[in-house]
Structure formats: structure tokens, C-alpha cells
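Below are the chains, spelled out letter by letter.
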Amino acid sequence: MLLWFIVTIVTAIACAALYYAATRRSVNAAADDSAATNRHFQAVLATIDADRAAGKLGDVEAEAAKGELAREIMLHKTENTDAEKGILFGGNAAFAAVLAVGVLALGTYQLVGSPNMPSQPLAGRADAAAAIDIKQAVARIETELASNPDDLRGWRVLAPVYMQSGRYADAAKAYRRIVDLGDMTANAQTDLGEALLMQAEGDASGEPMELFRKAVALDPSDVRARFYIAGELTRTGDFPAAVSAWKELLALSKGDEPWVPTANRGLKLAEADGVVDSAADTSADDQAAMIEGMVSGLATRLTDQGGPIEEWVRLVRSYLVLGDKQAAQKTYDAAVKAYPKTFDRADLDSIAAAGELTLEEPSHDIAIPNQKKGWTRKQKRLAVIAGLAIVVGLATTLVLVALRDQIVFFYTPSDLSAHDVAPGQAIRLGGLVKDGSWVRDGENNTFVITDGGAEVKADFVGILPDLFRNGQGVVAEGSMTPQGDFAATNVLAKHDENYIPKEIVDSLKARGEWRPEAGAAN
Amino acid sequence: MPIELGHFALILAFAIASIAAVGGFAFWRSGERIAQFVSQAAILQFVLIAIAFLALIQAFVVSDFSLALAAKNSNPVIPMLFKISGVWGNHEGSMLLWILILVGFGAMVAAFGKNLPRDLLTLVLAMQALLTASFSGFTIFTSNPFWRLSPAPLQGSDLNPVLQDVGLAIHPPLLYTGYVGFSICFSFAIAALISGRIDGAWARWVRPWAILSWLFLTLGIAMGSYWAYYELGWGGWWFWDPVENASFMPWLAGTALLHSALVMEKRNALKVWTVFLSIITFSLSLLGTFLVRSGILTSVHTFASDPTRGLFILALLALFIGGAFLLFALRVSTLRHGGLFAPVSREGALILNNLFLATATGAVLVGTLYPLLLDALAGVSISVGPPFFNLTFAVLMSPLLIVLPFGPLLAWKRADVVAAAQRLVAAAALAMFLAVLIAALSGATVSMAPIGLLLGFWVAFGAFAELVERGKVGRIPPMDSVRRLAGLPRTTWATAIAHFGVGVTVLGIVATSAWETELVTTLNPGETTSLASYSIAFDSFDPENGPGFTAEVGTFTITDTDGGTRQMQAARRTYQASGLPTTEAAIQTYGFSQLYLQLGEAVNGTHVVRLWHKPYITLIWIGTLFMAFAGALSLTDRRLRVGAPRRKARQVREAVQ
């Protein structure tokens, strides 16, 4: 509300200033229009006089110059009296104008503004403050615990925070402290065991296993501890024990807990008893199931809320890995809708092209502003016209010759076989750096440029751009050697997220529907 | 709230500009009241856009990420300077800067234009308002810098690391001031065509604006060139990149405009041509904006491309350029011709100047647009690179440089070329002597270099021939000469200094192109290499932390021929927020020459360094500083000053009495 109030005041002030400027009484509507022009003529007259005084003009020339000036003044006067006065811009017109200003401004703001959004400077933001507060709180509890290590409540708060932030060693220390302080529940044992397990990167042998067993002894219904025990037994290959552990675990289930499918798979694996094939199958199934789970979660979220282009890329890639081309195509189309700018989608497009999806056609309908040239000056002096014609003619010839000899064609590796490119002729070669092909030996670099169809080996001496990488799009300037390699004199790579040489983007798009016989001409 | 107020200020400015444009064109004949109205509107537009711009800066300074622009282009950890310059380090913000400068010029015309004929003032400001309305409309509806994000993210993605440099604070404002300043000349041309009023007085009003814009454009291009030179790490100072050409074409046309406006002011000739150049110069500025902003070209200047933006800008371009040329075609016959002169005269020399500059502009235009046209029409992807531009440009500029020193020595109307040549004998002899001497010392190989040097020295020395002549140096006692020189109009000095600057730049270009040496080698800490009589030792390679980035810094010690040592540091930075790497080149200046070192990524503990010795390269930029200074100097010449009509009038009266 306050904003609308201020906005209205600002508009009113601006309109009042405009209205006042146009209608105030002090305006002398009959002010002499040509006063300024007269001052110019006075200045010219003064220059002529000064030049004569300085001896740069003879008396005769000065008189002639003054005569010419007088003619010009006469002409100006006659023209000026000819000028008719237009319709008057009075109070009513001014009022209508300021009214239009107010309506246009307030209406447009209503249309595009966000009047209800407050400013949110970082320093004053509650969510930022909360984010900082957790860190501060942790630090405060840590210092308190350092002086008072027997504070069970402090450790209980701290330990899960450590776990969440991945500080497993600290978490293990905190949980051990909780156990040492007399918490002998099954839960405390399992927590400590879990922290140690995470610290050992999944290896539960030794102390964690003992803790889990102790927890199960204390509380036979501790699903978490039983789960870890069964998993560890399977991992270490003790299949008979594992089978019974999984069975005991599954006996605790009511049937629809989230851990049941995993436990069932574990049981199947343990029952298969080291048969590699079926185990591999299971784990492959497992993997596919996991990917599917992840994919459907991601897909739901992206369709509902949108997301960064990287997540779209990941989703499309996942579908392609799963072999679901139809879903990949659908996701790609949705991503294109979310990111209509081709530059944002370079990675996406290249993946989609590699997966033989139908690519969004780039908008190539570039029109060039019409330049009007060829206007001829009405100059009386033939010499000037002749000079003009000669210079322009020579320049045109020069430009045409230079264009014929100096333009550099852009090729992809596949083009090279179709076109006869003479060794030594300057060209630009674009494509992807073939994965793993980049070899550096001091200042000498070799890499292979590929467009999916053909490959060309390229050499470059010097320092490659910061973002030059295997698998990335590049444009290299240089020429072919007689041996059929490409000697690059300059290499352009993706400069940052927004800057990819246009040819790379185009060639990546072309790759999806590449027809070697058609060449670049289409 | 400040953000929304800024947003509203932008919209209000758009509304005022729209109404002022409509009112101005509808009522331009009705004299004082409408002139007051559009003047007031021009000043309000400036105040409002300035408020909008300040609101953006404020949001960036306090890291308000509810502003989408700040969330995309800022970060709390970067230094304050980059937070502020980050405002225009993106498409939307740079458009607002463009508009701010546009309305700034409009407000200046309104403030200083009290002595302009009313109808001319109204038309000029109406045209400026039309430009403001169009471009602020474009900004509001297709690239609004005030879009909000809800909920606001906690972190901003970083400002592009390449832009985290003091260059971003300087280069765009200077360049835009140059680009946009020519809009005033454009508006004057349109006003002249509509009102049919065009005379020497018109040129007198246009010329200061042309000089002001030209001097900023000169500085902007030079600054951009130096920034690219040290930041991009490619070791070059000019790439004939389409975006560079986009700024260079208005410069060439603007330079031609400066000179033809001179003829028009003094001699009332070349009217049609001057009007045409005013239109073409700003059209090229607009074309540059279109090329850079539409995403047709890819370069470091393309922030993000969006087809709707491209189409919108193309439509604006068609409206302004097409409309201007249509008006020109319809109205050009009403402009009177005047001022007869002989081919050999100052007018003739200036026409020659214009001819070559215009042709060079045309050549650059062809080279820049030809690949785009060919791609659009035939689908063939080509590039027109430096060889094309170097060849055509050198051939077109050489005759211009040869005749340049003659220009100021020729009299108006009819001149004696032999007399002028006699006054240039000393400069020619000196230039010849130095060029031969340097060529001989550097090993007298057959190349274009001595000819280039000769041209550079000829222009640089010849620039002072007019001063020598008018100061009667050597013919009267030295003190009298000094007095005469001090009494010369500042424009005379400005001419000499600007032309001298051209010579200096030519010398820098020739020297660095001909005698640059380069070395690519592996070098590890503790090892030493040498280049062009300097020995370079790689001392150490250390990690370092900066604001928002981590770096690996190589420290080098250079020993020159006299045994003096200097240190320099090259770095590879990795920016935390974006994860992008940049290369920071090390540059050490010896006199006018520079050593330039680029440090490559370490592979298996081995470093590759690329070293250049660039003799006299700084002359390139020093020359442009001379040119810009000359522009400023000539602006201070009382005879050109725009803001002091009464004083000027009084002095004229005194002079007449």
C-alpha cells in the first residue's frame, strides 16, 4: 500500500512539473526563433574580420566572403518568414498529455511490476540468519562441551548434526560419548555403530558389528541393527548366516515398510549363495531399479517445478541409459520449452544428438538490416565525382579480391573428405575433442577432432584455452598438413557457460541428422 | 521497496518519453510551450532513469537476490567494485546503462539548448524521446532488469570471472557514451530533415556533440582493446572480431562526421553529406547494438541470446534506420547546396578524408556482414578474419595517412598545394631519416615495416607543421613564437595533437606487428629462459586465495640487458561460485615495450609458458589518448562551447567593435 502511495506521489510530481513547464506564464510565446541563428551569423562575421586583421584574408576576399554571408542571411530570412505556425500547444493539450503519462505509467507498472514483493537484502534475511544460526549454534555447543564434556544433552544435539554434515569421525566420537555417559539403549549402540560404519566407508566388520549385535540383544526389534548385520554378512560372503539374518529381519516386517524390497533382494542374493551370474543379474536389476527410482523422482520434480539445465541433462541422459528413447525425447522437448535459448542447451543438445533424438531446429531466419547504399552525391565538381568513383571502385575491387582470397571456410571432419582442401589453405575445423585423445607433451598438444562421422588428428603448440577438455566442442583455426593432419594455429573453446563458438553449436545440431553426401552446403 | 520504486521510475520514464515523442512530433511548430514541455520531459527522463539505475546498484550492493538479475550476476563474496560493475555486466543491466546515457545526453541538450531555435530543439528532443521510449519499452517488456524471484535464492551465481576486472567498470560506460552520444547528431539530422532548416548554425550545434561522442568512443574502444589484451590472455590487442568491428564502424563514420561538420560549419558546404553521415553513424551504433545484443554473433560480449530480443531489436533497427533513410530520401531535395570551392582546398582535403573513411567503413561493414549474410542465405559457414581486414584496411588507410598532414595547411576555398608541400619538407625529411635509420638498425630486411614507420613518422611530425607555420617558429624570436603559439585557437592545437596521436598509434601498430617475438616453452620453477635480450627466471609456484577465487601464482624474475631485475606474477584462477578458471597474464612494461607472459595449466608438474616481447605496443593506446585529449581540448574552445551563449554573443560584439 505504501508503495502505491509513493508511486502515485512520484507520478503526480512528474506530471505537475511537465504541466507547469508547458503552461507557465513567464513563457514568451513570441520569442524570436532565429536569435540563435543570428548569433551564428555574427560569429561568422567576426571570424572574417579577425582573419582580415590577422592578414589571412585580403580585403577583396573578405568583402567577397561578407557578400556570401549576406546572401545566406537574406535567404534564411525569407525562409523563416515562409514558415507557417502549427497548431498551438496549450493548456488542454498539456493536461491531456500529463494525464496520458499517468495512465500509461501506472497501467504498465500494474502489468509488469511486483508491487507486493519486499526487498530482501542478504544481511537482513531471516532464512540467511537461520542458516548462519545453525553453524553458530554448533560452534556454541562445541565450546560449551569442551568445558563440560559430561553434558549428555549437548552431545545428543550435536551428534545428528555431525552425521548430516558428513563429519562421521566427529559423530562417532559424540555417539561414543553418549554411550560412555551411560545411555545403554539399543538405539545408542546402533547410532554409534552406524557412525563407525560410515567412517569406515561401509565396512562394518569389527566394532560396528559387535555394537549391532549388542543392540539386537538389547532390543530384538531393532530393525536398523538387524539390517546392517544382514548386509555385512552378505558383503563378507557368510551366506548361510546372512540368509537367516535376512529372514529374521523380514519376519519383523508388516509388509509395506520402505526397506522391505531391499531386504528381499538381499535375501535373494544370499540364497543364490555366491552364484556369480544370478548375483550380477540381481545387482544389474538393482541398479536399473535404483536409476528408475531416481529418474521418476527427478522427472516429477522437473515437470512440476522446473529446475537447472544440468538436471534436465541428467534426466535425458538417464532415460537414454535406460534405453527409453520415447521418454528421453519427451523430456528433451520439455527441456527445450524450459530453455528456449540454444546456448543454454549446448550440453543437452549434444547428448540428445548422441542419443539420436529429434533436435529442436535452431532459429536460423536471421535477417540483416537493410542498408541503403548507392546514393550518389549531387556534387558539381566533376573532379570530385571522378575521384570518388575511382576510390570506391578500387576499394570495391580490393574488397572483392580480398574476400576471394582471404575468407576462411568452416569445415567439420566429415566435410574434409567431401571437399578438396589443399594443404596449407587456412580453414576452421570444428567438432568435439574425442574422449581421451588429448595428449600433452610440454607445449606440444595433439588431439583428435571428431564429428561422429570422421576424425582428424590435430596438433597445436602453445597453451590451450582454460576450458579446453576432452569431449568438449572446439573450433580450431589452421591448415591441413600434406600428411593429412591438421596443424592448428589457434584453438577456440567454450569460453564460459554463455559463450560457445556458434559453429560448434551448429555442428552439434547438425550431427543429429548428419548426411555426409550432402555436405555443409545444405 | 527500493527495487520496485526503481522499476516504477523506469516505467514512468518510458511513459513520459512516449508522450513527449508523440507531443513533440505533433506540435513541433507551435513554439515555446512545446519546447518547454519536451525539455522538462527530457530532464525528468534522466532523473527517473538515474533513480532506476541507482535502485539496481543498491540491490547489487546489498546482495538482494530477490532481484533475478542480482541472483544471476552477483555474489556476496566478490569485492564491492565488481558488485557495482556487475550491474551492467549482463544484457538487462547494460541496456539500462545504454538508456541512462541516452537520457543523459537528452537532458544535456535540454539544459544547454536554450539558444537553439525552438522548433529544432523540440524536434531533437522528440526524437531522443522516441529513442528512449523504444529502448526502454524493449527493456521493460523483453529484458527487464527488475524481474523478481520468489522465493529469493540464498546465493547468487557468480559474476562471469572474465568480467571481474576493473575494465568492466570503465569500458562499457565509456563505449556506450560514445555509441549513444551519436544519437544526438542523429536526432539533429532528423530534425533538420523534418524542419528543412539546415545551415552553418546547424553544424555548429552538431559538432560539439559529435566531438564529445567521438572522444568517448575513442577511449572506450582503446580501453576495450587493452582490456582484451591483458585479460583474455591471447596476447593480441585487436582481433577484427565482429563485435570489435561493430564499435569500430561508428568510430570511422564518426571521425568522418567530425571533419565534414567542420566543412559545413565554416563553409556551408557538404550539407547533404553531413546529414547523411549523422544518420549513418548512429545507424552503425544501433547495428552494433543489434549484432552484439541479438546473439547473432558469439563473443565475450554476448551475455545470453534470446530470439525475441533479436527480433525486437531488429524491428527497432528497421524503424529508426529505415525511417531515417526514407525521410532522407523524401526531404533531401529541400536542402540547399552552397559554398563553392576548388578541388585543391581545405574542403577538398576534408572530402578526401571523408571518402577514405567512408570507404573503409564500407569495407569493414562488408567483411563483418558478409559471413552472416552467406550463412543466412546459403548456409555456408565462413569467417572473414584478420587477413581480409589487414589487407583492405592497410590499402585504404595508407593514402589517407599520406595526405593527412596536407589538410590543415591548405586554405579554404582555393589552396596552393606546392606551398603546403614546402612547409612539410622538414617533417618528410625527418620521417624518412628515422624510418631508414630504424630499418637499417633492425637488419634492413625487405618488408612493409619501414614503409609503415615512414607513414607513422610522417603523420606524427607533419601534424605540427601548421603550428610551426602559424607560430612562425624559427622566423621570429623564440619568445614571440611562444606567444603566438599560446594565442592560437585551441582547435588548432587540438587538430595537431589529434593528428599526432594518429601517427603515434600507427607507429605502435607497425612496430609491434613487425618486431614482435614470441616463445612457447616448458618452464618449471627454478628454470630460466630468455627472449629478446631479457632473461626470465621462474622463481616459484604458489597457491593463493583471493576474494571469491583460489589461484595458483607463478612468480617470475626478469633480468634486462643492464642487469636490472623486476618481478612479475602470472596466475591461473578458479572461481569458487562458478567453478570457472581464468588465466591472468603477467605484463611488465619497459619504456613503451612490454613483456607478456601467459602461464599454462600444470601437467604432471610441468608448466608451459608463452612469452611475447611486444616492442612499442603501448604507443597504440597512448596515441588514442592523444586523440581523446585533443577532442576534449577542442570542446573547451570557446567558439564551440554550447553552454555559454550570452558570453559568446558579448564577445562577438566586442570583437566586432
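Below: a short report on this structure. Counting starts from 1 at the beginning of each chain's written sequence and moves along it residue by residue. Here every chain gets a letter starting at A, and every ligand a number starting at 1, in the order they are written. Per-residue local features are limited, in this predicted model, to residues with pLDDT of at least 70; the limit for side-chain atom pairs, both in listing and counting, is 80 or more; totals at the level of whole chains, interfaces and linings are taken over all residues. Here the side-chain values reflect all heavy atoms present in the structure, with hydrogen atoms and water set aside.

Let's talk about the overall build of chain A
The line we're drawing: Numbering goes from the N terminus for both helices and strands, where a helix is a DSSP run of H or I of at least four residues and a strand is a run of E of at least two. The contact definition used throughout considers only heavy atoms, calling two residues in contact when any of these lie within 4.5 Å. Each accessible area is a Shrake-Rupley estimate made with a 1.4 Å probe; only the visible protein chains count as cover when residues are assessed.
Within chain A, the secondary structure is distributed over 19 helices and seven strands. Sequence separation of 24 or more characterises 51% of the internal contacts of chain A that already satisfy a separation of 6 or more. Roughly 28500 Å² of accessible area belongs to chain A as shown, and the carbon and sulfur atoms make up 57% of that amount.

Some remarks on the environment of V216 of chain A
Residue and element names in this part refer to chain A. In plain terms, the rule: Burial status follows relative accessibility: with a 1.4 Å probe on protein chains alone, a residue under 20% of its type maximum counts as buried, one over 50% as exposed, and anything between as partly exposed.
Relative to the elements of secondary structure, V216 occurs in helix α9 (residues 207–218). With a relative accessible area of 15%, V216 lands in the buried category. C-alpha of V216 to C-alpha of T190: the two residues are 26 residues apart in sequence and 8.9 Å apart in space. Sequence-distant contacts of V216, that is, excluding residues within four places in its chain, are made with A225, R226 and I229.

Notes on the pattern of salt bridges
Our working rule: Salt-bridge detection follows one rule: a side-chain nitrogen of Lys or Arg within 4 Å of a carboxyl oxygen of Asp or Glu.
If you walk through the whole model with that rule in mind, you get 21 salt bridges over all chains. Where R176 of chain A meets E207 of chain A, a salt bridge forms, and the shortest distance between an N and an O atom there is 2.8 Å. Linking R176 of chain A in helix α7 (residues 168–180) with E207 of chain A in helix α9, this pair joins segments that are 31 residues apart in sequence. On the basis of relative accessibility, which here comes to 33%, the residue E207 of chain A falls in the partly exposed class. Its salt-bridge partner being R207 of chain B, residue E265 of chain B comes within 3.0 Å of it at the nearest N-O pair. Here the residue E265 of chain B occupies a position in helix α9 (residues 242–267), and R207 of chain B occupies one in helix α8 (residues 200–231), the gap between them amounting to 58 residues.

Observations regarding the environment of A486 of chain B
Along the polypeptide, A486 of chain B turns up in helix α18 (residues 478–487). Once the C-alpha coordinates of A486 of chain B and G471 of chain B are considered, the two residues, 15 residues apart in sequence, prove to be 8.7 Å apart.

Focus: helix α1 (residues 2–27) of chain B
For clarity, the threshold we go by: One less than the residue count of a helix, multiplied by 1.5 Å, gives the span that helix is expected to have.
In this model, α1 of chain B (26 residues) spans 36 Å end to end at C-alpha, consistent with the 38 Å of a helix rising 1.5 Å per residue. Among the 26 residues of α1 of chain B, 21 are classified as buried, and the element is accordingly described as predominantly covered.

A short note on a nonpolar patch on the surface
Note the following rule: For patches, a residue must show more than 30% relative accessible area and have no salt bridge; joins then use 9 Å for like charges and 5 Å for nonpolar side chains, namely Val, Leu, Ile, Met, Phe, Trp and Tyr.
A cluster of nonpolar side chains, L2, F5, I9 and I13 of chain A, forms an exposed patch at the surface whose accessible area comes to about 420 Å². Residue class for L2 of chain A comes out exposed when judged on its relative accessible area of 53%.

Quick look at the sheet that holds strand β3 (residues 528–531) of chain B
Residues and elements named next belong to chain B. Using the following cut-off: If DSSP finds at least two bridges between two strands, the strands pair. Axis definition: a line fitted to C-alpha atoms, limited for helices to the stretch in contact. Angles are taken between N-to-C directions and run from 0 to 180 degrees.
Taken in spatial order, the five strands line up as β3-β4-β5-β6-β7 in an open sheet, and their pairing is antiparallel. Of all strands in the sheet, those bounded by a partner on one side alone are β3 and β7 (581–584). Across the sheet, the mean angle separating the axes of adjacent strands is 25 degrees when strand polarity is ignored.

Quick look at unusual backbone geometry
All names here are of chain B. Positive phi, close to 50 degrees, is recorded for K472, a residue that is not glycine. With a phi angle near 60 degrees, Y616 is a residue other than glycine that sits in the positive phi range. Its location among the elements puts Y616 in the loop between β10 (608–614) and α20 (618–635).

Remarks on the side chain of T392 of chain B
Rules: Counting of polar contacts relies on pairs of N or O atoms within 3.5 Å, with two restrictions inside protein: one atom must be capable of donating a hydrogen and the other of accepting it, and residues adjacent in sequence are counted only when both atoms are side-chain atoms.
In this structure, T392 of chain B sits in helix α13 (residues 386–403). Within the local environment of T392 of chain B, its side chain forms a polar contact with the backbone oxygen of F388 of chain B, the two atoms lying 2.9 Å apart. Ignoring anything within four residues of it in the chain, the contact list for T392 of chain B reads L398, V399 and A402 of chain A.

Details of the sheet that holds strand β8 (residues 586–590) of chain B
All names here are of chain B. Ordered by their spatial adjacency, four strands build an open sheet running β2-β10-β9-β8, and the pairing between neighbours is antiparallel. Two strands bound the open sheet, and with one partner strand each, they are β2 (517–522) and β8. Sheet twist, expressed as the mean angle between neighbouring strand axes with direction ignored, is 15 degrees. Bridge analysis of strand β9 (residues 593–599) against β10 gives six bridges, and the strand direction is antiparallel. Counterpart to Q594 in the pairing with β10 is K614. Each of β8, β9 and β10 touches α8; the most contacted strand, β9, lies at about 45 degrees to it.

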